[in-house]
Amino acid sequence: MKAKIYTKWGPFYILIEEEEIKDIDELFKEWRDVYAVVYDNDGNIVFEDFVD
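A brief look at the structure comes next. (Residues numbered from 1 in each chain as written. Predicted model: local features only at pLDDT ≥ 70, side-chain atom pairs only at ≥ 80, totals over all residues. Heavy atoms only, no water.)

A closer look at the overall build of the protein
When helices and strands are counted, the protein shows 1 helix and 4 strands. Beginning at the N terminus, the succession of helices and strands in the protein can be written as β-β-α-β-β. Relative to the 2.2 N^0.38 estimate, which gives 10 Å for 52 residues, the radius of gyration of the protein is 10 Å and therefore close to what a compact globule would have. Overall, the protein is about 30 × 20 × 15 Å in size when its C-alpha atoms are taken along their principal axes. A total of 52 residues make up the protein; the buried ones form 27% of that total. (Helix = DSSP H or I, 4+ residues; strand = E, 2+ residues; numbered from the N terminus. Rg over C-alpha atoms; globule rule 2.2 N^0.38 Å. Buried < 20%, exposed > 50% of the residue type's maximum accessible area, 1.4 Å probe, protein only.)

Right, dumping it as structure tokens:
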């Protein structure tokens, strides 16, 4: 799966990193206070939300 990690800057969301992950739990271990969109291998969104 591919994760795109965004941070909020004013009214905008800025892409700060793209990374390959094995499962969504990795996001919650690595990141805080970001917005994440996770895509499966076919390009379908499987997770889209804030990571707190």
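Quick word on a negative patch on the surface
The grouping of Asp 33, Glu 48, Asp 49 and Asp 52 at the surface amounts to a negative patch. Structurally, the position occupied by Glu 48 is in strand β4 (residues 45-51). (Patch = residues over 30% accessible without salt bridge, like charges linked within 9 Å, V, L, I, M, F, W, Y side chains within 5 Å. Areas by Shrake-Rupley, 256 points an atom, 1.4 Å probe, with all protein chains shown as cover. Salt bridge = Lys/Arg side-chain N within 4 Å of Asp/Glu carboxyl O. Lys, Arg positive; Asp, Glu negative; His and termini not counted. Charge placed at Lys NZ, Arg CZ, Asp CG, Glu CD.)

Regarding the nonpolar core
Listed in full, the 10 residues of the largest apolar core are Ala 3, Ile 5, Ile 21, Leu 27, Trp 31, Val 34, Ala 36, Val 38, Phe 47 and Val 51. Mapped onto this core, the elements with two or more residues apiece are β1 (2-9), β3 (34-39) and β4. When residues in this core are grouped by element, the largest group, 3 residues, is from β3. Ignoring any residue separated from it by four or fewer positions in sequence, one finds Val 34 in contact with Ile 5, Tyr 6, Ile 16, Asp 49, Phe 50 and Val 51. (Core = buried A, V, L, I, M, F, W, Y, C linked by side-chain atoms within 4.5 Å. Contact = heavy atoms within 4.5 Å.)

Take it as geometry only, folks, not as evidence of what the structure does.
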